[in-house]
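Read off the chains here:
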Amino acid sequence: MNKQIVHQLILDKLRVDLDIAERAAQTAYETATHEENIAENKYDTLGLEASYLAAGQAKRVEEIRQSLALCQNLTLRVYDDQRGIEIGALLGLEDEKGREQWLFLAPDAAGLKVDVVGQPITVITPRSPLGKSLLGKFEGDEVEILVAGTRQQFAVTEVL
């Protein structure tokens, strides 16, 4: 597993997502401002609904831009077994049932998924309970989080 490749895949996915969101925002804006969508009476809400959609799409564009900027400015470091897990770490976790997963701890873009040779990798941030509990941990450590009243335990199997 190569951390630089994973980081580049995340950036590429964010760029694609940004392009899609920008096109959706433009389409929503055009719909909201089109002369055919001007309300003719108080029950004609198509233009109003389109303007809400346009505002939501514009917000989504800004969120993706922010995620992209933060991830572009991320300096990847080699894992330091004195400092432990930090932002930019690519790590393997195993749960109590032996299920393994790979995570990339990023400054933003939580929930984004990329695939490296059939291996899914999920982006998490330090704002999540798991991300927060992983900061400063080391290979071989265990972390425990509480999700919806249920305790979940994970072992850190590998850190890059």
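For clarity, every value in this text was computed on a predicted model and none was experimentally measured.

1. Observations concerning the pairing of strand β1 (residues 90-95)
So, point 1. Most of β1 sits inside the fold, with five of its six residues counted as buried.
So, point 2. In this structure, β1 lies alongside strand β2 (residues 100-105), joined through five bridges in antiparallel fashion. By the bridge assignment for β2, Leu91 is matched with Leu103.
So, point 3. Counting the residues between successive antiparallel strands, the hairpin from β1 to β2 contains four residues, one of them, Gly98, with a positive phi of roughly 85°.

2. Side note on the sheet that holds strand β6 (residues 150-159)
So, point 1. Judged by pairing direction, the sheet is mixed, and its six strands sit side by side in the order β3-β4-β2-β1-β6-β5 without closing on themselves. The sheet is open, and its two edges are formed by β3 (113-116) and β5 (142-147), each paired on a single side. Neighbour-to-neighbour, the strand axes of this sheet turn through a mean angle of 40°, independent of strand direction.
So, point 2. Sheet contacts for helix α1 (residues 3-33): β1, β2, β3 and β4 (119-124); angle to β3, the most-contacted strand, approximately 135°.

3. What about the UniProt feature "domain: Transcription elongation factor GreA/GreB C-terminal" (unreviewed entry) in the chain?
So, point 1. The sites that carry the UniProt feature "domain: Transcription elongation factor GreA/GreB C-terminal" (unreviewed entry) are, in the present numbering, residues 123-159.
So, point 2. For the annotated span residues 123-159, helix accounts for 16% and strand for 49% of the residues, and the straight-line distance between the end C-alpha atoms is 14 Å.

4. Let's talk about the environment of Glu139
So, point 1. Within the element layout of this structure, Glu139 appears in the loop between α3 (129-134) and β5.
So, point 2. Glu139 gets classed as partly exposed once you look at its relative accessible area, which sits at 43%.
So, point 3. Measuring from C-alpha to C-alpha, the distance between Glu139 and Ile85 comes to 8.4 Å, with 54 residues separating the pair along the chain.
So, point 4. Setting aside anything within four residues of it in sequence, one finds Glu139 in contact with Tyr79, Val156, Thr157, Glu158 and Val159.
So, point 5. At a separation of 3.0 Å, a polar atom in the side chain of Glu139 contacts the main-chain amide nitrogen of Val159.

5. Regarding empty space enclosed by the protein
So, point 1. For the structure shown, the criterion picks out one cavity of 30 Å³ or more.
So, point 2. In this structure, the largest cavity occupies an estimated 80 Å³ of space.
So, point 3. What lines the largest cavity is a set of 14 residues, and nearest its centre among them are Lys3, Arg77, Glu86, Ile87 and Ala89.

6. A few points about the side chain of Ser133
So, point 1. Within the element layout of this structure, Ser133 appears in helix α3.
So, point 2. Look at Ser133 and you get buried, because its relative accessible area is 18%.
So, point 3. A polar side-chain atom of Ser133 sits 2.9 Å from the main-chain carbonyl oxygen of Leu130.
So, point 4. Other than its neighbours up to four places away in sequence, Ser133 contacts Val143 and Ile145.

Rules and cut-offs
Residues numbered from 1 in each chain as written. Predicted model: local features only at pLDDT ≥ 70, side-chain atom pairs only at ≥ 80, totals over all residues. Heavy atoms only, no water. Buried < 20%, exposed > 50% of the residue type's maximum accessible area, 1.4 Å probe, protein only. Helix = DSSP H or I, 4+ residues; strand = E, 2+ residues; numbered from the N terminus. Pairing = 2+ DSSP bridges. Axes fitted to C-alpha atoms, helices over the stretch in contact; angles between N-to-C directions. Contact = heavy atoms within 4.5 Å. UniProt positions renumbered as here; feature names shortened; annotations may be inferred. Polar contact = N/O pair within 3.5 Å; in protein donor to acceptor, adjacent residues only side chain to side chain. 1 Å grid on protein atoms, 1.4 Å probe; cavity = no way out; pocket = protein on both sides within 12 Å on 5 of 7 lines; lining within 4 Å. Points joined across faces, edges and corners; volume = space filled by probe spheres on them.

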